[in-house]
Amino acid sequence: MSVYLCGELEPPELEAWLRRLREALPEETIDHDLSRLGPAMVDVAVVANPAPGRLRDLGNLQLIQSLWAGVDRLLGDATLPLDVPLARMVDPAMADAMAETALWAVLSLQRGFFAYQRQQQAGRWQVLPQRRADELTVAVLGLGELGGRVAQRLSAQGYRVQGWRRGGGPLETVLGSSDVVVNLLPLTGETSALFNAARFAAMKPGAGFVNLARGAQVVEADLLAALDSGRVGHAVLDVFQTEPLPAGHAFWSHPSVTVLPHAAALTDPRSAAAVVAANVRALRDGRPLAHLVDRGRGY
Ligand code: GLV
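Everything in this summary refers to the structure shown in the same document. (Residues numbered from 1 in each chain as written. Predicted model: local features only at pLDDT ≥ 70, side-chain atom pairs only at ≥ 80, totals over all residues. Heavy atoms only, no water.)

Thoughts on the pairing of strand β4 (residues 63–66)
On β4, burial covers both faces: Leu 63 and Gln 65 on one face and Ile 64 and Ser 66 on the other are all buried. Inspection of the sheet shows strand β3 (residues 42–48) paired to β4 by 4 bridges, in the parallel sense. Bridge pairing links Val 47 to Ser 66 in β4. Here 2 bridges tie β4 to strand β5 (residues 86–87), and the two strands are oriented parallel to one another. Residue pairing across strands places Gln 65 opposite Ala 87, the latter belonging to β5. (Buried < 20%, exposed > 50% of the residue type's maximum accessible area, 1.4 Å probe, protein only. Helix = DSSP H or I, 4+ residues; strand = E, 2+ residues; numbered from the N terminus. Pairing = 2+ DSSP bridges.)

A look at the pattern of salt bridges
Within this structure, the stated rule accounts for 17 salt bridges. Across the pair Arg 284 and Asp 43 runs a salt bridge whose closest N-O atoms are separated by 2.6 Å. Residue Arg 284 is located in helix α11 (residues 269–285), and its partner Asp 43 is located in strand β3; the two are separated by 241 residues in the primary sequence. Accessibility expressed as a relative area gives 5% for Asp 43, which makes it buried. A network of salt bridges, in which partner residues are shared, links Arg 19, Arg 20 and Glu 23. (Salt bridge = Lys/Arg side-chain N within 4 Å of Asp/Glu carboxyl O.)

Regarding the sheet that holds β4
The strand order β2-β1-β3-β4-β5 describes an open sheet built from 5 strands, whose pairing is parallel. The sheet is open, and its two edges are formed by β2 (29–31) and β5, each paired on a single side. Judged from the 6 bridges that link them, strand β1 (residues 2–7) and β3 form a sheet pairing that is parallel. What sits directly across from Ser 2, in β3, is Val 42.

Observations regarding the site of the ligand
With respect to spatial proximity, the complete set of residues near the ligand consists of Trp 68, Ala 69, Gly 70, Met 94, Arg 214 and His 262. Between the ligand and the protein, one listed contact pairs an oxygen atom with a backbone N or O atom of Ala 69 at 2.7 Å. Taking His 262, its side chain carries an N or O atom lying 2.6 Å from an oxygen atom of the ligand. If the ligand stood free it would expose 200 Å²; the protein chains cover 87% of that surface. Tallied by class, the residues present in the shell around the ligand amount to 3 nonpolar, 2 polar and 1 charged. (Near = heavy atom within 4 Å. Polar contact = N/O pair within 3.5 Å; in protein donor to acceptor, adjacent residues only side chain to side chain. Areas by Shrake-Rupley, 256 points an atom, 1.4 Å probe, with all protein chains shown as cover. Nonpolar A, V, L, I, M, F, W, Y, C, P; charged D, E, K, R; others polar.)

Some thoughts on the pairing of strand β9 (residues 207–211)
Within β9, 5 of the 5 residues are buried, leaving the element largely enclosed by the surrounding structure. Alignment of strand β8 (residues 180–183) against β9, held across 4 bridges, turns out to be parallel. Opposite Val 180, over in β9, you have Gly 208 as the bridge partner. Each parallel crossover has a hand, and for β8 linked through helix α8 (residues 197–202) to β9 it is right-handed. Sheet analysis places β9 next to strand β10 (residues 232–237), joined by 5 bridges and oriented parallel. Its bridge partner lying in β10, Asn 211 is registered against Leu 237. You can see the chain leave β9, run along helix α9 (residues 220–229) and come back into β10, and the turn it takes is right-handed. (Right-handed = clockwise from strand over helix to strand, strands pointing away.)

Focus: the environment of Met 94
Of note, Met 94 is situated in helix α4 (residues 92–111). Here the alpha-carbon distance between Met 94 and Trp 68, two residues 26 residues apart in the chain, equals 10.0 Å. The residues contacting Met 94, other than those within four sequence positions of it, are Ala 69, Met 89, Leu 146, Ala 265, Leu 266 and Thr 267. (Contact = heavy atoms within 4.5 Å.)

Some words on the packing of aromatic side chains
Counted according to the given criterion, the structure contains 6 aromatic pairs. Both rings, one in Trp 104 and one in Phe 114, keep their centres 5.6 Å apart while their planes meet at 90°; by these two values the pair is edge-to-face. Pair noted here: Trp 104 is in helix α4 and Phe 114 is in helix α5 (residues 113–121), with a separation of 10 residues, a long-range link. When its relative accessible area of 34% is taken as the criterion, Trp 104 is described as partly exposed. Exposure remark for Phe 114: the relative accessible area of 7% places this residue in the buried category. Ring plane angle 85° and centroid distance 5.5 Å describe the contact between Phe 200 and Phe 209, whose orientation is recorded as edge-to-face. An identical accessibility class is assigned to Phe 200 and Phe 209; each is buried. Members of the aromatic cluster, connected to one another through ring pairs, are Phe 195, Phe 200 and Phe 209. (Phe/Tyr/Trp six-rings, centres within 6.5 Å; stacked < 30°, edge-to-face > 60°.)

Brief notes about the sheet that holds strand β6 (residues 137–141)
The strand order across the open sheet built from 6 strands is β7-β6-β8-β9-β10-β11, with neighbouring strands paired in parallel fashion. A strand with exactly one partner marks an edge of an open sheet, and here the two such strands are β7 (160–164) and β11 (257–259). Across the sheet, the mean angle separating the axes of adjacent strands is 15° when strand polarity is ignored. Sheet strands in contact with helix α6 (residues 145–156) are β6, β7 and β8, and its direction is about 165° off that of β6. (Axes fitted to C-alpha atoms, helices over the stretch in contact; angles between N-to-C directions.)

So this is what it looks like as structure tokens:
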């Protein structure tokens, strides 16, 4: 049986993944060309956010291993076989990268570095008040593999961190008592459009908003209104309703928005190939698979 690598990967990325996966699993046949493998021979699909329908014809699948941490797009594929175990990517290296991005964003908000960037563009020399880390309360929404690491890193840096997870009491209370809100919740039916006008209105005036999760969790028009009114002081956005962020979108040029191209924490083949290999070997040996998605819960 063989391993099918499938998804939206640029040629150099595809080459890197094939090389690392073949190194990590020398005993396996691994290819991205389904016609070379033959659909009936594929029992493992290693998927990088594939377009819906790509796994439809694989009748002998035993494992779908995502290279992405978030599996919302996969779960949105009505053709995805329901009886095949689906594993998401859990790689400590990715959690570290996410913690670095969150730390950069929170630190920049704390010390006014985004404001200094605006001042530079305007040719303005003006010193802003210098806040200490322990004067900021940071909400980390989502305390899974990524959010948990982010919360640890921020508290090690001296911030007052309050975590919030699904079912963890009223979100409004957390929003209203935080200077920065960092979103790392998975996209599910419950979190879709979570950040709407009411939620932004519940935030502290001038709070920072850092979205490192999914664009569909934010009502973009409501965020723009909250930025324009100053309710949200600055937003750092890695994810958007439509990606790539369309040319001319208001976020591109908004003075209070920092845009990242969905790059807060990339899956790194150098470490993640070993994560995939461990699960493929578990399947071959009949051992329990790791990081399985609970489809009812949605992550
Ligand atoms: C990136 O967004 C991922 O889900 O890995």
